[in-house]
Amino acid sequence: MSNFLLAQLTTPNADITLILPEIVVAFAGIVVMLYDSFFPKQKAVSGAIGMLGILISALLLVLMWGDSYPGTAWSGMIAHDNLRLSFGLVFLMIAAMTILASTLWLEIEGVPIGEFHALLLFATFGMMMMAAGNDLVVIFLGLETSSIATYVMAGLRKGDLRSNESALKYFVLGSFASAFLLYGMALVYGATGTTNIPLIAASVGAAKFPALLLIGSAMMIVGFGFKVALAPFHVWTPDVYEGAPAPITGFMAAGPKAAAFASFVRVFVLGFPLVAGAQAAGILHETWTSLLAVLGIITIIFGNVAAILQNNIKRMLAYSSIAHAGYATVGFIGAGLAKTAAERNEAIAAVAFYLFVYAITNLGAFAIVSLLGQRNDRRAEFEDYNGIGFKAPLLSFSLSVFMLSLLGMPLTAGFIGKVLVFRPALESGNVLVVSLVVVAVIGSAISAYYYLRLLVVMFFRERAVDWTPPRVPSALTTAIAAAVLAVLYFGLFSNGLIHKFAGTAPKAAEVRAER
Amino acid sequence: MDLINQNLLTILILLPTIGAIGAIVYKAVTKDDSSQRWFALVITTLNFLISLLLFTRGVPAVGGFEFEQNVPWISAIHTNYHVGVDGLSFWLVLLTTFIMPLSVLCAWTAVEKKKTAFFAFLLLLESAMLGVFVTLDLLVFYLFFEASLVPMFFLIGVWGGKNRIYAAVKFFIFTAVGSLLMLVAIIALYYIYAGAVQGSGSFDFVEILAAMQSGKLVLGQQAGMLLFLAFALSFAIKVPIFPVHTWLPDAHTEAPTAGSVILAAILLKMGTYGLMRFNFAFFPDQARETAWIFITLAVIGIIYGALVAMVQPDWKRLIAYTSVAHMGFVVLGMFSFTELGMQGAVYQMLNHGVSTGALFILVGFAYERRHTREISEYGGLANVMPNYAAIFIITTMSSIGLPFLNGFVGEFLIMVGMFESNILNITDSTNWNYVAAMAAGVGVILAAVYLLWLVQRVFFGKVTNAENKKLTDLNAREIGLMIPLLVAMVVMGVYPRPFLERTDLAIKTIEARVMKSAGGAVEKTELDTKALENR
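Residues numbered from 1 in each chain as written. Chains lettered and ligands numbered in written order. Predicted model: local features only at pLDDT ≥ 70, side-chain atom pairs only at ≥ 80, totals over all residues. Heavy atoms only, no water.

**With respect to the overall build of chain B**
Here is the rule we go by: Only DSSP runs of H or I reaching four residues or more are called helices, and only runs of E reaching two or more are called strands; each is numbered from the N terminus. Radius of gyration means the value over C-alpha atoms here, while the globule rule gives 2.2 Å times the residue count to the 0.38 power. When accessible area is computed with a 1.4 Å probe and restricted to protein chains, residues below 20% of their type maximum are described as buried, those above 50% as exposed, and intermediate ones as partly exposed. Whether two residues are in contact is decided by their heavy atoms, any of which lying within 4.5 Å being enough. Areas reported here follow the Shrake-Rupley algorithm with a probe of radius 1.4 Å; residue values treat only the protein chains shown as occluding. This count recognises Lys and Arg as positive and Asp and Glu as negative, with His and chain-terminal groups excluded. One atom stands in for each charge, and that atom is NZ of Lys, CZ of Arg, CG of Asp or CD of Glu.
The helix and strand inventory of chain B stands at 23 helices and two strands. Against the 2.2 N^0.38 benchmark of 24 Å for 535 residues, chain B shows a C-alpha radius of gyration of 23 Å, consistent with a compact globule. Considered along the principal axes of its C-alpha atoms, chain B spans approximately 85 × 55 × 40 Å. Among the 535 residues that make up chain B, the fraction classed as buried is 63%. For chain B, contacts bridging at least 24 residues in sequence account for 81% of all contacts bridging at least 6. For chain B, the exposed surface amounts to about 18600 Å²; the carbon and sulfur share of it is 67%. Taking the average location of the 33 positive side-chain charges in chain B and that of its 34 negative ones, the two points are 9 Å from each other.

**Re the overall build of chain A**
Helices and strands together make up the secondary structure of chain A, namely 21 helices and two strands. Considering only C-alpha atoms, chain A reaches an extent of 70 × 60 × 50 Å along its principal axes. Going through the 515 residues of chain A one by one, you find that 62% of them count as buried. Look at the contacts in chain A between residues 6 or more apart in sequence, and 80% of them connect residues 24 or more apart. Counting every atom, chain A has about 18700 Å² of accessible surface; 70% of that belongs to carbon and sulfur. When the 29 positive and 26 negative side-chain charges of chain A are each reduced to one mean point, those points stand 3 Å apart.

**Things to note about the nonpolar core**
How we decide: Here, nonpolar core means buried Ala, Val, Leu, Ile, Met, Phe, Trp, Tyr and Cys residues that are tied together by side-chain atoms lying within 4.5 Å of each other.
Membership of the largest hydrophobic core comes to 413 residues, with the highest contact counts inside it found for W315 and Y388 of chain B. When residues of this core are assigned to their parent elements, the largest contribution, 22 residues, is made by helix α15 (residues 341-373) of chain A. Contacts of W315 of chain B, omitting those with residues within four sequence positions, involve V363, A366, R373, I375, Y378, Y388, F392, L454 and V458 of chain B.

**A few points about the pattern of salt bridges**
Residues and elements named next belong to chain B. We count it as follows: Put simply, a salt bridge is a Lys or Arg side-chain nitrogen that is within 4 Å of an Asp or Glu carboxyl oxygen.
Scanning the model with the defined rule gives 21 salt bridges over all chains in all. Note that R277 and D86 form a salt bridge whose closest N and O atoms lie 2.8 Å from each other. On the criterion of sequence distance, the pair formed by R277 in helix α12 (residues 257-282) and D86 in the loop between β2 (79-85) and α4 (87-106) is long-range, its members being 191 residues apart. With respect to class, R277 is no different from D86; both count as buried. Linking E377 and R370 is a salt bridge whose minimum nitrogen-to-oxygen distance equals 2.7 Å. Residue class for E377 comes out partly exposed when judged on its relative accessible area of 28%.

**Observations regarding unusual backbone geometry**
Residue A231 of chain A is joined to P232 of chain A through a cis peptide bond whose omega torsion reads 5°. On the secondary structure map, P232 of chain A appears in the loop between α10 (210-228) and α11 (236-243). The linkage connecting V239 of chain B with the following residue, P240 of chain B, adopts the cis geometry, with an omega of -5°. Mapped onto the secondary structure, P240 of chain B falls in the loop between α10 (221-238) and α11 (247-254). If you check the backbone angles, L411 of chain A has positive phi at about 75° while not being a glycine. By the element assignment, L411 of chain A lies in the loop between α16 (393-407) and α17 (413-428). Although it is not a glycine, F67 of chain B sits at a positive phi angle of roughly 55°. Residue placement: F67 of chain B occurs in strand β1 (residues 66-74).

Structure (structure tokens):
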């Protein structure tokens, strides 16, 4: 009997190796937590454990790339495709950068280090599950894991009112959005009878209650829209980003947002595709693509216009992150409208690449803002940056590179990212989507104003009061230097990474180019 | 040698960048901020000498390019690093490498702070500008086109005059807005190409053009016009053509002398070059249809620029407005779609580079001595600075278009071309082309008025301002750096043939492409045959 039960329990293809990268990160989080409770005075060990976990996990992810894809694992709960692998790498990179960038801040603010690192690792684990989840339930679990960890991180600076406000706002509004998402998932389950995304895709054409499917998907757009901060679901962003400590703001603007995009893309592009001959699927597909295009237009306009008005750099970056969610949406819709699987994969890879670049740039920028902001991020107004350009040339140069990359100037990775996400959208030829691209481009032009403003205050203005460049600890130097090099490197040599994300072989393409 | 020949254009592009990095590293190691100008001078001169190797090859065949290089860059999106020169870009490359050492020299003592950064930006700018003129891949072209903004933004913003921040930001945003729409057009063209050839898309100028010429790729009426406008807007801002020119006076006036020189001599040419290279080749029908708009705007620009220049109290701003007028001439010649007119346009690009560049350098000399640009502050300078006055007057004459100096050849060709042109003749009875040509002629007269009046106010008469009495005349460096420019003015004025021969074939090709399917001519013959049939 017991043998029989055991056989029953193990028959599901519970292949541990396929979720090993996620497990390693979660395990590292637990080790950090345990270590911290026995040796609470430690300073660098928990960070080192975290970095080690991240490295191993990244290595495993890279090794998995070579696999012939089994498609899914764990009875279809876990996806095993390029979407998961590339986004997984993005999250690990974000976590590593955050650990490096937060060292000085942890020291100055006296935040419990172990807790911070453990929470960061759990959040990363949650994000990886979001990208890996092939089932609405797994995605939701991943989302909650990462969200709850992030809520706590936003409030880590317990003594600061703004930090408390930030955490509370994030928590209340985030839970609200999660509820929307969950309800949407329930409705979709009601319409299709499954929570498994490929099965949903197979059954949307013959859904029993098409209206239910529409309402459900609309609610999911609200839920995901909140997480990626699409207007009009963005209102929480500026306050939360301004209040949270700078390194964590950088993490929030990059990590949970990219993760939400990963599941957003998976659920909508792969779950609600256009099915030939099925009217319900057609309506659903057209509704969500046009709705997202409209949201994208609003988001880009709003994010950019609002960013112009900001005098606080953290707030400016918060609004600019809204605009960037809009740009990523352009590629997302491009994926939704792609006609072949290859084009779709390329478009998804473009979104992943875009968010990868955005994450590096943004984390680098926040690392510097946090460094210059000193305790409690006091010095984060534009005025505080007056004339520091030639006083701290390396820091200012790095910040300028980040700003130019966010702006999408050529020779930075941001440019390649923008070209990549605009491409698939233009290919569709859909009028609404083409207008979205035009709006995105005009938005980029508007954004020139506020990104350049930082360059202007740093290099063109004179400093009235004395200022000495801050001490830059080596971990922070590593993070910033890595970010600058990555931004410049991927501005020139992005070919390999794009191919890797898209799962295409670079060799074949090069042969064509030589012809 | 072979290695150099095969990679000539790449070397030209990369050398200044390497120089810039070298200068910064040198500064970081030695903390020495004063010897970078030597560094910059050596690099730019070396680049000029290397660029002379371009003469070793003849004029490429129709549609062909010399010193071509084509290697994949990002194969995932089929974009290649594809460079080459033809008749159209040949002289612009040389103009760039020729002007750069001179602008380094004119900044020799003028730059007082952050010298390393200044010369590094100058060198980076040279790389970007050369890249623009030789790139044959649309995406890489866009890349260089945009990349040239950043160094100039810093040159104006850090080393500029009082109002520098406003000018720098305005310059950047104006240009960026235009070019971003071009990016959309470039990507759209990529997919239109992909659809037309039933394969993967392409950013390659040569490939797309070949598909268009073979009739594989036919642009729809609306799509063609939108794409044309997206390209044209970005170039029109750069040129600048009349209503979008407002960034230019600010940028020119506030920029440091070297910046103004490069801006006037080279950066503006990126716009006219782009129009000729891309707009005319890709969208000949649209170019013909909209020619009347561009000609009207060009004429307005010529007259308006001249009139505004006339009333400027600021010496440098006056020269800046002459750029608006002169670039109007270039646009006029281009859109005449006659061989002479377009030849004149290309020639005038070079002339404007040499003459206006020289004028800005000369204004810079006066500014370095007196630190004011108000014309009323000067007067009678010919008495204290005779050499300076002589050189200035020769340059003025070249800019006005005195025969035997370069300006004359260009303006003459453009006006003859406009007279011959039938692009504006909607019916046989109206001859708007005469009107346009005559309006341009008025512009030449006005140019003489504002420039000669300037000369009179600044140089002639008695020295009224006591501060001007002890001014020193030009030193050896200053005269030395003017000599190449003066020689160029005379040579180009007396013996334009070698210059025109180089551009001839490229111009003829573009003209044939635009006028080949000339709607007017075709319709007319159709009408005639119909009329015959009716009889």
